[in-house]
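Listed below, chain by chain, are the residues.
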Amino acid sequence: MRLPQLIKIFLLVLPLMANAQEKQFKQELERRVRRHEFPSAALEQLNQLSGQISKVKFYKEISNSATTFEAKFNWKGSRWSLEFDSLGGFKDIEQTIYSRTFRKLNTKTMLEEFNRLGSPYRILKAQRQFSWKDQANPYFKPEMVNPGHKGVNVRYEVEIEVKTDEGRLVAYELLLEEDGTLLRKREIVPPSDKHLLY
């Protein structure tokens with residue numbers, strides 16, 4: 001999609017995005033970009049994985065809170081996404097977790113949070129998120145995803161769809177601690193399968 005078209009769409013949803021920020025909504029527009037459009041500082045960090053990753057795709061994401069860049073790729077037998085701010089500063093790396101595996105990780109606290117949103121519910125997407133506890137000088141290091149690595153926050157980002165009492169389907173993005181404690185909840189607008197632009 002060309003930049004002028006993306007700008008037009010962004011201007012149309014801008015009022016919604018402003019409102020979404022107040023009400024803890026998640027509003028995103030994502031488009032594929034070429035490697036040369038990616039911040040050089042981000043590419044430098046991604047290059048640490050040279051020869052280890054495959055099927056790399058680059059994205060620019062405009063949300064109601066920031067503009068970020070994301071590289072998605074296959075690594076260590078999973079699909080990963082490496083996210084950077086607009087200047088190429090490292091934010092986090094996320095590993096996609098398939099539904100069957102994620103269900104085995106569900107704690108009592110996590111299940112209570114899901115049921116609190118509504119029942120029945122359906123997990124749309126689950127990711128294990130790694131970020132530095134100290135964000136003073138963030139820089140991606142591949143070893144940070146190793147179990148027990150010091151100074152790393154390990155959390156779960158989950159997209160879940162629930163049916164309200166009125167019979168309406170609503171999707172939420174949840175950020176959870178490893179034990180299932182809820183850190184953030186945002187309603188997804190529009191539903192997560194409709195926000196990817198090519």
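Colleague: Break down helix H4 (residues 108-117) for me, citing the residues and quoting the values.
Modeller: When we look at burial in H4, the residues that qualify are Met110, Glu113, Phe114 and Leu117. Take H4 and look down its axis: the buried residues cluster within an arc of 95 degrees, on one side only. Along H4, exposed side chains directed more than 90 degrees from the buried face belong to Lys108 and Arg116. Buried residues along H4 sit against helix H3 (99-105), strand E7 (121-132), strand E8 (152-163), strand E9 (169-177) and strand E10 (182-188).

Colleague: Mind laying out the side chain of Glu157, listing which residues take part and the relevant values?
Modeller: As for its placement among the helices and strands, Glu157 is situated in strand E8. Buried charge without a salt bridge: Glu157, with Arg184 as the nearest opposite-charge side chain at an N-O distance of 4.0 Å. Glu157 has contacts with Glu94, Lys125, Ala126, Gln127, Gln129, Glu173, Leu174, Leu175 and Arg184, leaving out every residue within four places of it along the chain.

Colleague: Which residues make up the pairing of E10, and what are the values?
Modeller: Pairing of strand E1 (residues 25-26) with E10 involves two bridges; the strand directions are parallel. Counterpart to Phe25 in the pairing with E10 is Glu187. Sheet analysis places E9 next to E10, joined by five bridges and oriented antiparallel. Within E10, the position partnered with Leu174 by the bridge is Lys185. Adjacent in sequence and paired antiparallel, E9 and E10 are bridged by four residues, among which Gly180 carries a positive phi angle near 100 degrees.

About the thresholds
Residues numbered from 1 in each chain as written. Predicted model: local features only at pLDDT ≥ 70, side-chain atom pairs only at ≥ 80, totals over all residues. Heavy atoms only, no water. Buried < 20%, exposed > 50% of the residue type's maximum accessible area, 1.4 Å probe, protein only. Helix = DSSP H or I, 4+ residues; strand = E, 2+ residues; numbered from the N terminus. Arc of directions from axis to C-beta. Contact = heavy atoms within 4.5 Å. Lys, Arg positive; Asp, Glu negative; His and termini not counted. Salt bridge = Lys/Arg side-chain N within 4 Å of Asp/Glu carboxyl O. Pairing = 2+ DSSP bridges.

Function cannot be inferred from these measures alone, as they are strictly geometric.
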